[in-house]
Structure formats: structure tokens, C-alpha cells
Amino acid sequence: MMSYGGRLGSPAVSPIPVHGGHMMRGTAFAYVPSPQEPGLAQKLRQTGIMLLKVPLMLIFLYLFVCSLDMLSSAFQLAGGKVAGDIFKDNTILSNPVAGLVVGILVTVLVQSSSTSTSIIVSMVSSGLLEVSSAIPIIMGSNIGTSVTNTIVALMQAGDRTDFRRAFAGATVHDCFNWLSVLVLLPLEAATGYLHHITWLVVASFNIRGGPDAPDLLKIITEPFTKLIIQLDKSVITSIATGDESLRNHSLIRIWCHPDPLEAHTSMPRAEANTSWPVGNATTEKCNHIFVDTGLPDLAVGLILLAGSLVLLCTCLILLVKMLNSLLKGQVAKVIQKVINTDFPAPFTWATGYFAMVVGAGMTFVVQSSSVFTSAMTPLIGLGVISIERAYPLTLGSNIGTTTTAILAALASPREKLSSAFQIALCHFFFNISGILLWYPVPFTRLPIRMAKALGKRTAKYRWFAVLYLLVCFLLLPLLVFSISMAGWQAMVGVGAPFGALLAFVGLVSFLQRHSPGRLPKWLQTWDFLPRWMHSLKPLDRFITHATLCCARPEPRSPLTPARVFLEELPPATPSPRLALPTHHTATHL
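Predicted, not measured: the structure shown is a model, and the values here were computed from it.

Examining the overall build of the protein chain
Inference 1: Helices and strands together make up the secondary structure of the protein chain, namely 22 helices and 5 strands.
Inference 2: Counting only residues that meet the buried cut, the protein chain has 42% of its 589 residues in that class.
Inference 3: Within the protein chain, residue pairs in contact and separated by at least 24 positions form 72% of the contacts whose partners lie at least 6 positions apart.

This is the structure we're talking about:
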């Protein structure tokens, strides 16, 4: 009888006895022993490790949220005054398209829709900006805030399957916002329906100021983030409203006082002492890392940006690993079933709306749609939350962040209350209108299909994710802004042919997939065009060749014999990271 190793052409390997001395014979196999019942010590060890992972995961989640806050501070230090200067030019903001682009760029710069919205409210309250001109900027801030969870999705690029799901889950927010703006901005410019509806609501109710909006998340994160950096955000608002007295004032807070309005001082950081008299009170020097630095705001912002990105990436990678180890097997099945299961038959339609209520409530608690959607992105990548369930959760998050703005507006002074409340309501009704457009009827849920297509494309070409970020949140807004500055004639002259071309391509692509016989033979595929016009492969080859010199080839693992599993595997699909390579074949006895 030929030995096991002899059949493989390798040194002989003696067969391994199975139960009762029986041996496996025949083709090559890899022995997989039956699982033995773990002992008490091993059970206690596994339970201890599991219990230790839960607080570790909470610590990493806390640091992840803190890193998002520091990332926002870094962007404000690096581009906050630029954002204030952009808002300062009211002639630009009177153009709806330019206002939309300004809202996108400013929110991307400061990484906070709350900051950009507060600037808009301040400008409207002070009379520098009309409510009708502020509405497109609010729409743009809605788009700009969705860049954060898209950046978070990039951290899961190591695994193609996880990356496909995570990127699709992140970009469903982008697709919803872009589609809503494409429909509602022209409608608002033509009819002013948001302005009229919100004015009627403000005029119909005797609205009085109330307590400030709860700041539950900052209560938890501030003890850590205040040790790193503290900012005086009123500097950005002052520049935007035309107050040049704080132009040379640093955004880095030096003096801390219970009333921040009394703590402004233009004294340079180099001359700062341990205390400074302000009226009858004495302010004390703030206690954070950059309080005594002589570096300019831009340098501190870049340092903070690098540090916050490192912390964000590290925490996200560790979070994903912890979740992957905790949420596996039967636990993952139970969680997936609970989250992704619909209500019983008569009330199936209400499942998505209940998810919206959950998303709105969670966002109201943490006071940040970026934090909620960014924390949800790794779970989507791991497959715990499906994109069909993530979509209504994201829409609810959009509603939740507007209710926080409404409560904050109610805390405004009496003379600023009506305009602040009207702007907050514009944000609320814009998201409600988008939900009515893209959710109630299943075939109108285009953002899900668009996000899935983007996820598949990104999983195939990973560099496409960076290209998407640059085009959608930087290059395209800048291009539209430049054209809009030339006047409405230029916008119509460029936009009309471009829109007609997009509509033609979309119609032809739809017919090619579903009814190619209705098209001429030459138009049934895009092969008549140059390859670079209908495929990303030429660009992929160029990028691959350009980066080849920097990449080290991965060593190929040697071929291993085919496996024979002695026990039937459970029907659950294993994680792609644990799956066998494609050259392994599994045979079940």
C-alpha cells in the first residue's frame, strides 16, 4: 500500500488513527479531529477573556468618538478662518448654487455641520443673510457632514468583502443627500416652499426660548478632549459676521472662565500668565497640551490632524477585531436576526419607520449624526447590520441631528429666536422632504442601489474610494462653484448639455441591461467607445504600475492537499478572513 506522502510525491506521512484505531484510506486528506468538550479551566479562561473584551471594546469606542471630536477641532484650526471668510461674502451666498457649494466646502473644512449651521444662524440673526439665501447653505452642510463616515469606511479596506459592505453603508448617506438636493434645490429656487412652510410654522406658534439642548456626549468626552485642545469657536463666527476685531486672535483657547463671553482676550500666547483679571472675576489659564505652544494655528491643526487620524485608525482597527471576535457564531446570528428581521406580516411596512425613530433617538442622545453613522459603519462592514436596515437608521439620524438644532435655536435670545428657529426648521423639513421622496415606495429607494453599486466598484478597485472622496466633496463642488460665479447663463449653458448627456447615458444603460433589443445593434454595448471611456481597467493598470515600485510582492503560500472534513460544518457562512483560499477544495464525507 502506497503511503499518504507517497501519493503526494512528498516524504511519507503515516496515517493518523481515528476512532478505535480505524484509519482513513484513499485520496489525500487533512485530518480534522472532533471537537472535545473543554474543561472547567478552559471554560473559565474563555469566559474571562470574553468579559475582558467588553470593557476594552467600550474603551476603544470612547477613544474613537474622542478622535472624531479632535478631527473636527483639527479641521477648524486648519481651515476655520478660511471658512469664516467664505461665509463673509454675501454676494456669493445670494446665488443658490454657490450657497450650496459653500455649505459643502465649509462643512468639509470644519468637519462639523453643527459649527457651519451655527455660523449660518448667527449671520441670519444679525441681518447679514436672508433666510431664503441660507437654505441652500443648510442643504450643502447636510452633504458635507456625510464625508466623515465615508472616511471611516476607508479603514476597512484590508478585506474586500468588509470594504464593499462598509463603503456601501457609508455612501448610502451621500447618495440620499445628493439625490435630495438635485430635486429639492431647484424646487426651492423656483417656489421657495421651505421658506414659506417654515415661516407659517414660526408665525403660527408663540415660540418662546427654552433650556439649552442637552449635551450628553460632550459630558462624557470633554474630560479627555479638553486635555488635548480647547477652541474658541466664536472667532470663526465673528469673522463670518464681519467683526474684524478677532482676525488676529488664535482659535486656541488660552483663558478659561465660567462665562466664555467674558474670557476673550487678544493677549498673545507668549505673554500669558497663570491668571488674568476680567472685571470682578479672575480667569485661569486653560489646561491643555497646546496652551503654551508658540506654533501658529495651522501647524497645531496639522499636528492634531495627524494625531487624531492615527488614533481614529488604531481604535477602528481594534474595534473591528474585537467585534469580529465577539460577534461570531451563534451570537452573530442572534444579533443579525434581531436587527435585520421585519415586524410580523400586517406591520412589515412599519419596520423601517421604527428604525428611523431609533436612529433619530440615538442621534439625539449623542448629538451628532457623524458619530452615530461612523459608529454604525464597522458593523455594516462586518455584516451585522444590512444596508437595507442601515438606510432607515441613517435617515432617522438625519432627523435626529435637526431636532438638536431646533432645541438649540429655542435657547437663542428673544430677538434672534424667530430667525434661528426658522433656519432649524428648514433643515428639518428638508430631510423630511427627502425621506418622502426616497423611502416610502420601495422602487424609489435609489440610494440603496447606488450605494451597492459604489461598494462593488470600490471592492474591485480600492483606489476608487479616494477618487470618489476627492471628486464628490472637493473637485465637483469647486467646479460647480466656479461655473456659478460666471452667472446663470453659464450655469444653464454648461449644466443643460451635461444633464442631457447624463440622462441619455442612464437611459441607454438601463435599456442595455433590461431590453437591449430596443436599441440599435451598435448601441447595445459601449464597446464602440474607447476603452478608457467605459471601463476603469486602463486607469487601474496605470495606478497599479505607478505604485508597483512602492509595493512589495506578497509571498505565495505553498499548495496544500485537499481537505476532507470528518464532520458536517454548520450552515453559517464563515467570515471571509477565515475562509479557505481558492485553491483549497473541501470534501465532506
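Here's the deal with the nonpolar core
Inference 1: If you look at the biggest cluster of nonpolar residues, it comprises 88 residues, and the most contacted ones within it are Leu77, Leu129, Met139, Ile229, Tyr391 and Phe473.
Inference 2: For this core, the element with the highest residue contribution is helix α8 (residues 160–191), accounting for 13 residues.

Brief notes about the environment of Val101
Inference 1: Turning to its location among the elements, Val101 is positioned in helix α4 (residues 96–110).
Inference 2: Classification of Val101 by relative accessible area gives buried; the value is 2%.
Inference 3: The sequence separation of Val101 and Ser482 amounts to 381 residues, and the corresponding C-alpha distance is 9.9 Å.
Inference 4: Setting aside residues no more than four positions away along its own chain, Val101 makes contact with Pro477, Leu478, Val480 and Phe481.

Some points on the packing of α4 against helix α6 (residues 131–144)
Describing two packed helices takes the angle between their axes plus the distance from one axis to the other.
Inference 1: Close contact between α4 and α6 brings their axes to 7 Å; oriented N to C, the two are set at 35°. The two elements α4 and α6 cross, and the hand of that crossing is right-handed. In this structure, α4 contributes Pro96, Gly99, Leu100, Gly103, Ile104, Thr107 and Val108 to the contact, and α6 contributes Pro136, Ile137, Met139, Gly140, Ser141, Ile143 and Gly144.
Inference 2: Split into classes, the residues belonging to the contact of α4 with α6 amount to 8 nonpolar, 6 polar and no charged.

Looking at the packing of aromatic side chains
Inference 1: Scanning the model with the defined rule gives 13 aromatic pairs in all.
Inference 2: With centroids separated by 5.8 Å and ring planes inclined at 65°, the aromatic side chains of Phe163 and Phe167 adopt a geometry described as edge-to-face. Here Phe163 and its partner Phe167 are both found in helix α8, 4 residues apart, which amounts to about one turn of the helix.
Inference 3: Judged by its relative accessible area of 1%, Phe163 falls in the buried class.
Inference 4: For Phe167, a relative accessible area of 0% translates into the label buried.
Inference 5: Relative to Tyr439, the ring of Tyr353 has its centre 5.5 Å away and its plane inclined at 85°; by these criteria the two rings are edge-to-face.

Remarks on the side chain of Thr363
Inference 1: Here Thr363 shows up in helix α14 (residues 350–366).
Inference 2: Since its relative accessible area comes to 0%, Thr363 is described here as buried.
Inference 3: Here Ser397 takes part through its side chain, which lies 3.0 Å from a polar atom of the side chain of Thr363.
Inference 4: With sequence-adjacent residues up to four places away left out, Thr363 is seen in contact with Ser368, Ser369, Phe372, Ser397, Gly400 and Thr401.

Concerning helix α18 (residues 446–460)
Inference 1: Under the 1.5 Å per step criterion, the end-to-end length of α18 is 22 Å for 15 residues, consistent within 8% with the ideal 21 Å.
Inference 2: Taken as a whole, α18 has its buried residues at Pro447, Ile448, Ala451, Leu454, Gly455, Thr458 and Ala459. Along the axis of α18, the buried residues cluster in a sector spanning 130°; they form a single face. Of the residues in α18, the exposed ones pointing more than 90 degrees away from the buried face are Lys456 and Lys460.

Remarks on α6
Inference 1: Look at α6: 20 Å from first C-alpha to last across 14 residues, which is about the 20 Å you get at 1.5 Å a residue.
Inference 2: Where burial is concerned, most of α6 is hidden: 13 out of the 14 residues are buried.

Points about the environment of Phe167
Inference 1: For Phe167 and Ala153, which are 14 residues apart along the polypeptide, the C-alpha to C-alpha distance reads 5.4 Å.
Inference 2: Residues in contact with Phe167, not counting those within four places in the same chain, are Thr150, Ala153, Leu454, Gly455, Thr458, Ala465 and Tyr468.

Observations regarding the environment of Ala134
Inference 1: By secondary structure assignment, the location of Ala134 is in helix α6.
Inference 2: Between the alpha carbons of Ala134 and Cys426 there is a distance of 9.3 Å; along the sequence they are 292 residues apart.
Inference 3: Residues in contact with Ala134, not counting those within four places in the same chain, are Ile120, Val124, Leu129 and Ile423.

Brief notes about the pattern of salt bridges
Inference 1: This structure, assessed with the given rule, holds 3 salt bridges.
Inference 2: A salt bridge links Asp162 to Arg165; the nearest nitrogen and oxygen atoms lie 3.1 Å apart. Taken as a pair, Asp162 and Arg165 lie in helix α8 at a separation of 3 residues, close to a single helical turn.
Inference 3: Of the charged contacts, one joins Asp342 and Arg389 as a salt bridge, the two residues approaching to 2.9 Å between their closest N and O atoms. Taken together, the residues Asp342 in the loop between α13 (330–340) and α14 and Arg389 in helix α16 (residues 387–410) connect sequence positions 47 residues apart.
Inference 4: Assessed through its relative accessible area of 40%, Asp342 is described here as partly exposed.

Criteria and cut-off values
Residue positions are counted from 1 within each chain, in the order its sequence is given. Only residues with pLDDT of at least 70 get local features here, since the model is predicted, and only at 80 or more are side-chain atom pairs given and counted; chain-wide, interface and lining totals rely on the full set of residues. Excluding hydrogens and water, the side-chain figures rest on all heavy atoms present in the structure. Per the convention used, a helix needs a DSSP run of H or I reaching at least four residues, while a strand needs a run of E reaching at least two, with both numbered from the N terminus. Three labels apply to residues, based on accessible area from a 1.4 Å probe with only protein chains included: buried if under 20% of the type maximum, exposed if over 50%, partly exposed otherwise in between. Here, residues are in contact when the closest pair of their heavy atoms is within 4.5 Å. Nine residue types can take part in a nonpolar core, namely buried Ala, Val, Leu, Ile, Met, Phe, Trp, Tyr and Cys, and a core is a set of them joined through side-chain atoms within 4.5 Å. Helix axes are fitted only over the stretch in contact, all axes being lines through C-alpha atoms; the angle between N-to-C directions runs from 0 to 180 degrees. Crossing handedness: left-handed means the near helix sits turned counterclockwise from the far one by under a right angle, and right-handed means the same turn made clockwise. Under this grouping Gly is polar, as are all residues other than the nonpolar Ala, Val, Leu, Ile, Met, Phe, Trp, Tyr, Cys and Pro and the charged Asp, Glu, Lys and Arg. Only Phe, Tyr and Trp rings take part, Trp by its six-membered ring, and two of them pair if their centres are within 6.5 Å. Stacked means planes under 30 degrees apart, edge-to-face means over 60, and tilted covers everything else. Two N or O atoms form a polar contact when they lie within 3.5 Å of each other; inside protein one atom must be a possible hydrogen donor and the other a possible acceptor, and for residues adjacent in sequence the pair counts only when both atoms belong to side chains. By this rule the span expected of a helix is its residue count minus one, scaled by 1.5 Å. By definition, the arc is the one covered by directions from the helix axis to the C-beta atoms. Any Lys or Arg side-chain nitrogen found within 4 Å of a carboxyl oxygen on Asp or Glu counts as a salt bridge.

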